[in-house]
Amino acid sequence: MKDTEPRRATCHCGAVELSILLADGLNTVRRCDCSFCSRRGAPAVSVEVGDLEVVRGADTLTLYQFNTNTAQHYFCSVCGVYTHHRRRSNPNQFGVNVGNIEGINPADLGNIPWNDGRNHPSDR
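This write-up is about the structure you can find in this document. Note on numbering: residues in each chain are counted from 1, in written sequence order. Reporting in this predicted model follows two pLDDT cut-offs: at least 70 for local features of residues, and 80 or more for side-chain atom pairs to be given and counted; totals over whole chains, interfaces and linings ignore these cut-offs and use all residues. Hydrogens and water molecules were not included; the side-chain quantities draw on all heavy atoms of the structure.

Examining the side chain of glutamate 17
Moving on, step 1. Its location among the elements puts glutamate 17 in strand β2 (residues 17–20).
Moving on, step 2. Side-chain atoms alone can form a polar contact between residues adjacent in sequence; in general such a contact is a pair of N or O atoms within 3.5 Å, and within protein one must be able to donate a hydrogen while the other accepts it. Looking at glutamate 17, its side chain comes within polar contact range of the side chain of arginine 8, at 3.3 Å.
Moving on, step 3. Should any heavy atoms of two residues lie within 4.5 Å, those residues are considered in contact. Setting aside residues no more than four positions away along its own chain, glutamate 17 makes contact with Arg8, Ala9, Thr10, Glu53, Val54, Val55 and Arg56. Under the DSSP-based scheme used, a helix requires at least four consecutive residues in state H or I and a strand at least two consecutive residues in state E, with every element numbered from the N terminus.

Here's what the structure looks like:
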């Protein structure tokens with residue numbers, strides 16, 4: 001089901017707050033098995049760049065990049081929680097940590113599909 005109202009997403013300590021619109025609802029929730037995501041473990045949902053706003057804590061976000069330095073992974077510098085990332089595969093989208101979205105428990109989502117990030121299309 002598509003969302004018509006923005007949702008609130010926060011890191012653990014609340015220093016970072018995002019407002020996101022899930023235009024495709026939770027249909028895009030997935031996990032990734034790349035070297036970074038497999039260690040992070042958080043499922044992500046797709047959000048168009050224009051549908052994510054950092055409401056609070058932009059100065060608290062820490063950026064991490066690796067390999068091609070294309071993807072941008074953001075974390076709260078206070079509590080260390082991954083909040084979102086700009087995708088390497090589609091820079092017009094963010095992946096948002098599903099566990100940070102108010103009212104959503106990733107455990108309630110059942111079997112979350114996996115993406116093959118170890119064989120990323122940009123690496124071919």
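And the narrative resumes.
Structural notes on the environment of asparagine 27
Moving on, step 1. In this fold, asparagine 27 is placed in the loop between β2 and β3 (31–32).
Moving on, step 2. For each residue, the accessible area found with a 1.4 Å probe, counting protein chains only, is set against the maximum for its type, and the residue is called buried under 20%, exposed over 50%, and partly exposed in between. Here asparagine 27 falls in the exposed class, since its relative accessible area comes to 63%.
Moving on, step 3. With 18 residues separating them along the chain, asparagine 27 and valine 45 place their C-alpha atoms 7.9 Å apart.
Moving on, step 4. A polar atom in the side chain of asparagine 27 sits 3.1 Å from the backbone oxygen of aspartate 24.

Quick notes on the sheet that holds strand β6 (residues 61–64)
Moving on, step 1. Whether two strands pair comes down to DSSP finding at least two bridges between them. Taken in spatial order, the five strands of this open sheet run β4-β9-β8-β7-β6, and their pairing is antiparallel. The two strands at the open ends of the sheet, each matched to only one other strand, are β4 (44–48) and β6. Averaged over all pairs of adjacent strands, the angle between strand axes in this sheet comes to 25°, irrespective of strand direction.
Moving on, step 2. Pairing analysis gives five bridges linking β4 to strand β9 (residues 93–97), with the strands arranged antiparallel. Along β9, the bridge assignment pairs alanine 44 with asparagine 97. Angles shown run from 0 to 180 degrees and are taken between the N-to-C directions of axes, each axis being a line fitted to C-alpha atoms and, for helices, limited to the stretch in contact.

Concerning the pairing of strand β7 (residues 72–76)
Moving on, step 1. Most of β7 sits out of view: four of its five residues are buried.
Moving on, step 2. In this structure, β6 lies alongside β7, joined through four bridges in antiparallel fashion. Residue pairing across strands places threonine 62 opposite phenylalanine 75, the latter belonging to β7.
Moving on, step 3. Looking at chain direction, β7 and strand β8 (residues 82–86) are connected through four bridges and run antiparallel. Looking across to β8, one finds that histidine 73 is bridged to histidine 85.

Details of the sheet that holds strand β5 (residues 52–56)
Moving on, step 1. Overall, antiparallel pairing links the three strands, which are arranged β1-β2-β5 in an open sheet. Each of the sheet's edge strands pairs with one partner strand only, and the pair in question is β1 (7–10) and β5. When strand polarity is set aside, the average angle formed by the axes of neighbouring strands in this sheet is 30°.
Moving on, step 2. As defined by bridge partners, β1 adjoins β2 across four bridges and the pair is classed as antiparallel. Bridge pairing in β2 places threonine 10 opposite glutamate 17.

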